[in-house]
Structure formats: C-alpha cells, structure tokens
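A closer look at the structure
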Amino acid sequence: MSTKCQFNLKKPHQFLALGFGLGLAPKAPGTFGTFAALPFIFLTVQYGIVIQLITALVISIVGIWLCGKTADDVGVHDHGAIVWDEVAGYYITMIGAVINWQTLLVGFVLFRFFDIVKPGPIRWLDKKVSGGFGIMIDDVLAGIFSLICLQALIQSGYLV
C-alpha cells in the first residue's frame, strides 16, 4: 500500500469504491468495507432472487469501472482501501438467503475466508487479471464459492 495515495470522498466513484469510506479503516479495510454491502442486501431481500441477481450483476459491472478508475486515480492497482469488490462478493454470498443474524454472520465469515485464503482459481485470477476487472473478479468468485457453501448449510438444515 502506498502512503502517497490521495483519496477524495467527494468524488462519487471514489466514495463508492471505498465502500462509503469504510475502506479507509486503518486496520482490516477489506473486512470493514465488506459491511458496505449490508444496505444493498437489506434493500433487495424482499424482492426475490431475480432482483437480487440483477443487483449483483449491476454492482459487479459498475464495480469494474469504479475500482479501475479509483486505482488509476491513485496509481495503485487494487489498493487495500478499494473495497467495492468486497461489497460485490458479500452481496453475491447472500443471494437467496433468508436474512437473519446467523446467515449474515456465517455468510460474512465464509466470504472473508475465501477472499483472504484465495483457494485455487481465486488466487490465479487475483494474480493474472489486471485493471478494474482484475480487482473485481477474484471477489466475485469468492462470493460465488461462499454462496454455494452458505446455501448448502441452509439446505442441509444447519442454518435457518
């Protein structure tokens, strides 16, 4: 992380890319930034899976531009403060889930696990793909892995 980065929350694309400013947390910015997905989760849960899928697609596509533009602004690819990718990943994790404190917590832990550990194809994408798409794609895939695990726990009766 470069100490010379100058973020400007008055620029809408940076405000969003930085997870409404949560990505500027001095410790664990990705973890804090993940919480910026909660408003989107709460706003769309009642509209069903089709709206949730469309929202995930929009968040992800817009995120490619937001993250790429913000990275270009500060001259650092995938700066730790850029957390819109975490917003997308956690949102994807929660698609189709009944929203309660248990599913939110387990989904959060699953997503952070896959985002931090980056098993298999997630690690490869993180290292090989650049630009805004590169910033987003590993977290989108971590969100898909987390979604599968969360839904398996729900379907097997371990979570309600």
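Residues numbered from 1 in each chain as written. Predicted model: local features only at pLDDT ≥ 70, side-chain atom pairs only at ≥ 80, totals over all residues. Heavy atoms only, no water.

**Re the layout of surface pockets**
To find leftover empty space, one rolls a probe the size of a water molecule over the atoms. Taken as a whole, the largest pocket holds about 190 Å³ of empty space. Those elements that provide at least two residues to the lining of the largest pocket are α5 (84-93), α6 (101-117) and α8 (131-155). In terms of residue count, the dominant contributor to the lining of the largest pocket is α6 (three residues). Per-class residue counts for the lining of the largest pocket are two nonpolar, three polar and nine charged. (1 Å grid on protein atoms, 1.4 Å probe; cavity = no way out; pocket = protein on both sides within 12 Å on 5 of 7 lines; lining within 4 Å. Points joined across faces, edges and corners; volume = space filled by probe spheres on them. Helix = DSSP H or I, 4+ residues; strand = E, 2+ residues; numbered from the N terminus. Nonpolar A, V, L, I, M, F, W, Y, C, P; charged D, E, K, R; others polar.)

**Structural notes on the packing of aromatic side chains**
Scanning all chains against the criterion turns up eight aromatic pairs. Taking 6.2 Å as the distance between ring centres and 25° as the angle between the ring planes, the aromatic pair formed by Phe20 and Phe40 counts as stacked. With Phe20 in the loop between α1 (12-17) and α2 (29-34) and Phe40 in helix α3 (residues 38-44), the pair connects residues that are 20 residues apart, well separated along the chain. Assessed through its relative accessible area of 31%, Phe20 is described here as partly exposed. On the accessibility criterion, Phe40 (22% relative accessible area) is partly exposed. Centroid distance Tyr90 to Phe108: 5.7 Å. Interplanar angle 85°. Geometry classified as edge-to-face. Placement of Tyr90 in helix α5 and of Phe108 in helix α6 is noted, with a sequence separation of 18 residues between them. (Phe/Tyr/Trp six-rings, centres within 6.5 Å; stacked < 30°, edge-to-face > 60°. Buried < 20%, exposed > 50% of the residue type's maximum accessible area, 1.4 Å probe, protein only.)

**A closer look at the nonpolar core**
Ranked by size, the top nonpolar core spans 39 residues in total, and within it Ile41, Ile82, Trp84, Tyr90, Met94 and Leu150 carry the most contacts. Where this core is concerned, the elements lending two or more residues are α4 (49-74), α5, α6, α7 (121-128) and α8. Broken down by element, the residue count for this core peaks at nine residues, all from α8. With near-sequence residues (within four places) excluded, Met94 lies in contact with Ile41, Gln52, Ile99, Thr103, Leu104, Gly107 and Leu150. (Core = buried A, V, L, I, M, F, W, Y, C linked by side-chain atoms within 4.5 Å. Contact = heavy atoms within 4.5 Å.)

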